[in-house]
2 protein chains.
Amino acid sequence: MRGGAERVVALSGGVGGAKLALGLHRLVGEGGLAIIANTGDDFVHHGLHISPDVDTLIYTLAGLNNRELGWGREGETWSYMEACAELGLETWFRLGDHDLAVHVLRTLRLKEGATLSEVTAELCARFGLPGLIWPMSDDPVSTMVETDQGVLPFQEYFVRHRCAPVVRAVHYRGAERARPSGRFLTALRDPGPGAVVVCPSNPFLSILPILSLQGVREALGELRAPLVVVSPVVGGEAIKGPTAKMMRELGMDSGVEAIAALYADLADGLVIDAADAALAPVIERSGIPVLVTDTVMHTLQDRIDLAAATLRFAATLERG
Amino acid sequence: MRGGAERVVALSGGVGGAKLALGLHRLVGEGGLAIIANTGDDFVHHGLHISPDVDTLIYTLAGLNNRELGWGREGETWSYMEACAELGLETWFRLGDHDLAVHVLRTLRLKEGATLSEVTAELCARFGLPGLIWPMSDDPVSTMVETDQGVLPFQEYFVRHRCAPVVRAVHYRGAERARPSGRFLTALRDPGPGAVVVCPSNPFLSILPILSLQGVREALGELRAPLVVVSPVVGGEAIKGPTAKMMRELGMDSGVEAIAALYADLADGLVIDAADAALAPVIERSGIPVLVTDTVMHTLQDRIDLAAATLRFAATLERG
């Protein structure tokens, strides 16, 4: 693996974060970006190792994501799922026929002794994205959601129960023993990136798992580059997914000021949407510089524009 | 599992044997037949446990076999294979999208600790064939083909190299330690079947693996019921597959008299095609009664007719 010479390191979950990751990739170009993907959602299903956020990032950045569904692969077919239904195999997590090949490859390679980083590098190379996306860790971490219906593994909460249960707490099983992947650490270290961008992903389900790994908060604290968070909530609601619902269930406000508070110890700047402009002074008084811009990304140009605005903003920041 | 009260026990490999197995099933009806499938072709591919002959029998008897291809499932789709090709995963063994679900179920259940018999029973029940098809053994046996290009595992020889290498010998790795499945043994024992039918499958690749299991030749020797072999060759050639080619490469004649010699110690009768009628007296002089009939099965009725003729013939035979 190459040393960390990227201009930008991005921390990302799945769909929401991948939008900005795509913008950053188009803006910065090959070799200038390392995307660190949450793997707290990883799970074994149908005997296969599935890394949903890594795969969403790969499909999105390779231009193969399914725009209609909002997840999975474009032009996907579902014959395997039909046959599974006939056999009584679980079908609540939809495995597309093409998508399956990625899970089989990952499972085979892991069984052969490869690390998750090595498999991810092989997949990225196959999809024309060499060295771009890296798992947060090669060690297993499982996001567990404590709800009014008991403790649910992430996918049970997210897919099977469609985020309906009321969340009491979230914890990251295995995180205390999990080390960040080698590539993640080298991307942060000497000479270090020009900026670290926290993509607009769900904090509890996508970003905090990354920050919970051994030594990651310390490594981010020692960065010379600024760390900028792009808010995943706009006007007190998430663009997609349960971020705002979870924040309220966890006893927080669901506005951008709560996002600022969540990342207060690490963020050198926060990017919020124009709809939240009135809250910018409150956040700045708490000590975090704010960029107000359009953060809702509909088009590819929106993604590139937000990436550009975020990096320009980062260039103005000093480490706090 | 129920005791062995079947009228008929059939030993079978894949496509060729399954034709007669289907005829027997239609003729004898549910509960009257136990089909013992060769599992010497089983292998692990893409991390999945594949039992080709069991699956061919299930698909054929469930009426789901692909008539156009001659193997696999009807209405099959190939998205998974396309995606595998893009990822550089092996594609020489074609895994259809629907077929995959069967392999995943089997692999999951085996990993959970089920026996191959238990998984096969689950699959048969799902496909509306309760208790019909049983693996020859729950222990691993691997048919290895010694060729002029080295020792090839069965699927490498059969699918990858399309039976082109010259065969020097065939052996069944693990057979000396493998016990017949419980259901196979009970099907042969008290009160015992009315007849044992060896389906027109390749002897070396489908039937001898079954006979090579611990105690099977002894159990067949102690049968009170007659054992009838339906010849897999007609006019010195196989209807399908490499039977005749292999016989010649192994230094035998490829005619029905060589089939009679192969099974001489076990067969109480041999069914041969009308095209080979002239050879009947030669075989009968060697001590094996012969039925001459039409053995080439084109239609479902052909399959049922051959099954009926074979069982009528069996009823006339005494144990040798």
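Before any of the text, the structure's been laid out above.
Structural notes, computed from the coordinates. (Residues numbered from 1 in each chain as written. Chains lettered and ligands numbered in written order. Predicted model: local features only at pLDDT ≥ 70, side-chain atom pairs only at ≥ 80, totals over all residues. Heavy atoms only, no water.)

On a plain count of helices and strands, chain A comes out with 13 helices and 14 strands. Against the compact-globule benchmark of 20 Å for 320 residues, chain A has a radius of gyration of 19 Å, which places it among compact chains. With the principal axes as the frame, chain A shows a C-alpha extent of 60 × 45 × 40 Å. Counting every position in chain A, which comprises 320 residues, the buried fraction comes to 59%. When contacts within chain A are restricted to residue pairs at least 6 apart in sequence, those whose partners lie at least 24 apart make up 67%. Element-wise, carbon and sulfur atoms account for 51% of the exposed surface of chain A, whose accessible area totals about 12400 Å². Positive and negative side-chain charges of chain A, numbering 28 and 39 respectively, have mean locations separated by a distance of 2 Å. (Helix = DSSP H or I, 4+ residues; strand = E, 2+ residues; numbered from the N terminus. Rg over C-alpha atoms; globule rule 2.2 N^0.38 Å. Buried < 20%, exposed > 50% of the residue type's maximum accessible area, 1.4 Å probe, protein only. Contact = heavy atoms within 4.5 Å. Areas by Shrake-Rupley, 256 points an atom, 1.4 Å probe, with all protein chains shown as cover. Lys, Arg positive; Asp, Glu negative; His and termini not counted. Charge placed at Lys NZ, Arg CZ, Asp CG, Glu CD.)

Turning to the interface of chain B and chain A, a few remarks are in order. Facing 25 residues of chain B, the contacting portion of chain A comprises 25 residues. For the pairing of chain B and chain A, the buried interface totals around 2200 Å² over both sides, and the portion due to carbon and sulfur atoms is 67%. A salt bridge links arginine 73 of chain B to glutamate 86 of chain A, with the nearest nitrogen and oxygen atoms 3.4 Å apart. For the pair chain B and chain A, the interface holds six residue pairs in polar contact (both at pLDDT 80 or more). Mapped onto the side of chain B that touches chain A, the elements with two or more residues apiece are α3 (79–87), α4 (97–111) and α5 (116–126) of chain B. Sorting elements by how many residues they give to the side of chain B that touches chain A places α4 of chain B first, with nine residues. A per-class count over the side of chain B that touches chain A returns 13 nonpolar, six polar and six charged. (Buried area = accessible area lost by both parts, 1.4 Å probe. Salt bridge = Lys/Arg side-chain N within 4 Å of Asp/Glu carboxyl O. Polar contact = N/O pair within 3.5 Å; in protein donor to acceptor, adjacent residues only side chain to side chain. Nonpolar A, V, L, I, M, F, W, Y, C, P; charged D, E, K, R; others polar.)

Moving on: the pattern of salt bridges. Residue and element names in this part refer to chain B. Counted by the stated rule, this structure contains 24 salt bridges over all chains. With a closest N to O distance of 2.7 Å, glutamate 249 and lysine 245 form a salt bridge. Of the two residues, glutamate 249 and lysine 245 are both situated in helix α10 (residues 243–249); the distance of four residues between them amounts to about one turn of the helix. Since its relative accessible area comes to 27%, lysine 245 is described here as partly exposed.

All names here are of chain B. The residue threonine 60 is located in helix α2 (residues 52–61) in this model. At 2.7 Å, the side chain of threonine 60 forms a polar contact with the backbone oxygen of threonine 56. Non-local contacts of threonine 60, meaning those with residues more than four positions away in its chain, are made with Ala18, Leu22 and Asn65.

The next point concerns helix α1 (residues 15–28) of chain B. Side chains that are three or four residues apart share a direction in an α-helix, a result of its 3.6 residues per turn. Residues and elements named next belong to chain B. If you check α1, its first and last C-alpha atoms are 20 Å apart, about what 14 residues at 1.5 Å a residue would give, namely 20 Å. Within the sequence span of α1, burial applies to Gly17, Ala18, Leu20, Ala21, Leu22, Gly23, Leu24, His25 and Val28. Looking at the buried side of α1, the elements it contacts are β1 (8–12), β2 (33–37), α2, β9 (195–198), β10 (227–230) and α13 (300–315). (Expected span 1.5 Å × (residues − 1).)

Further remarks concern the sheet that holds strand β6 (residues 142–147) of chain A. Backbone-to-backbone hydrogen bonds join strands into a sheet, with any given pair of strands oriented parallel or antiparallel. Residues and elements named next belong to chain A. Sheet architecture is open: three strands sit in the order β7-β6-β8, paired in antiparallel fashion. Across the chains shown, the open sheet's two edge strands, defined by having one partner strand only, are β7 (150–153) and β8 (167–173). Neighbour-to-neighbour, the strand axes of this sheet turn through a mean angle of 25°, independent of strand direction. (Pairing = 2+ DSSP bridges. Axes fitted to C-alpha atoms, helices over the stretch in contact; angles between N-to-C directions.)

Attention now goes to the sheet that holds β9 of chain B. Residues and elements named next belong to chain B. The seven strands lie next to each other as β5-β2-β1-β9-β10-β13-β14, forming an open sheet whose pairing is parallel. Each of the sheet's edge strands pairs with one partner strand only, and the pair in question is β5 (133–135) and β14 (290–293). For this sheet, the mean angle separating the axes of adjacent strands, direction not counted, is 20°. Across four bridges, the pairing between strand β13 (residues 269–273) and β14 is parallel. Directly across from isoleucine 272, in β14, lies its bridge partner valine 292. Seen against the sheet, α2 touches β1, β2 and β5 and runs at an angle of roughly 145° to β2. Against the sheet, α13 engages β1, β9, β10, β13 and β14, with an angle of about 155° to β14.

Moving on, we come to the relation of the copies chain B and chain A. Each copy superposes on the other: chain B lies on chain A with an RMSD of 0.0 Å after a rotation of 180° and an axial shift of 0.0 Å. In symmetry terms, the pair is related by a two-fold rotation axis. The rotation axis passes nearest to the C-alpha of aspartate 97 of chain B in chain B, at a distance of 3.2 Å. A share of 100% of the interface residues of chain B reappears at the interface of chain A, consistent with the copies meeting face to face through the same patch. (Least-squares fit on C-alpha atoms with pLDDT ≥ 70 in both.)

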